[in-house]
Amino acid sequence: DGLQPPNPKPQSALTGTGVAPDASIDPVTYAFGDVTVGGTASTTFTVGNDGTSDLHISSIGISGLPRFSVTGGTCSAPGTVLPAGPDCTIEITFAPLSAVTSNGSLVVVTDGGTVSATLSGTGVAGAAPIASLPAGPIDFGTVVIGSSNPEDVTLTNTGDAPSTLHQASSAA
């Protein structure tokens, strides 16, 4: 009959696993709380690679008020390459310039996605001593010239910081 069966096409099953970096950050929110104006507070964030290939960090920055700044850590941009698994750190410092609440974000751009952490902190007025004397004049009564009539006067610190008396005198 001369008919040949068609040639079967070879088939084989293929399996595989895709590889990709996957950026993470911890914590995702940080509140510095109350910080004295002129002072600073710092914390550390961890950037991780939860993926299956190298993660390349291209930028690290702060959005929002300039009261927050990157002040250290082991992550750098550009330049840090994280293999799957290991972490690097970013230190953020809050330095309030006035007694107000500040908000911002730490933003890390990578080839495994952009990750961010919300930042907040409140500047508070610093502690200060407040010296108080009794109200009104002090009555020494009649005093003969050349003699004295001492009176006790109490100086009170009504502030929230210690005070030191360096010198006391009376106006003539």
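Everything quoted here is computed from the prediction, not taken from an experiment.

## Quick notes on the state of the cysteines
Line of reasoning, step 1. A full pass over the atoms with the stated rule returns one disulfide.
Line of reasoning, step 2. Between Cys75 and Cys88 runs a disulfide, and the two sulfur atoms are separated by 1.8 Å. Residues Cys75 and Cys88 are joined through a disulfide that is right-handed, its torsion about the S-S bond being 95°. Highlighted residues: Cys75 in the loop between strand S5 (68-73) and strand S6 (81-82) and Cys88 in strand S7 (residues 87-94), separated in sequence by 13 residues. The residues Cys75 and Cys88 share a single accessibility class, namely buried.

## Let's talk about the environment of Thr74
Line of reasoning, step 1. For Thr74, the position within the fold is in the loop between S5 and S6.
Line of reasoning, step 2. Taking the relative accessible area as the measure of exposure, Thr74 reaches 56% and is therefore exposed.
Line of reasoning, step 3. Through-space distance from the C-alpha of Thr74 to that of Gly51 is 19 Å; in sequence the pair is 23 residues apart.
Line of reasoning, step 4. Excluding anything up to four places from it in sequence, Thr74 contacts Thr80, Cys88 and Thr89.
Line of reasoning, step 5. There is a polar contact of 2.8 Å between the side chain of Thr74 and the backbone nitrogen of Thr89.

Conventions adopted
Residues numbered from 1 in each chain as written. Predicted model: local features only at pLDDT ≥ 70, side-chain atom pairs only at ≥ 80, totals over all residues. Heavy atoms only, no water. Disulfide = S-S within 2.5 Å. Helix = DSSP H or I, 4+ residues; strand = E, 2+ residues; numbered from the N terminus. Buried < 20%, exposed > 50% of the residue type's maximum accessible area, 1.4 Å probe, protein only. Contact = heavy atoms within 4.5 Å. Polar contact = N/O pair within 3.5 Å; in protein donor to acceptor, adjacent residues only side chain to side chain.

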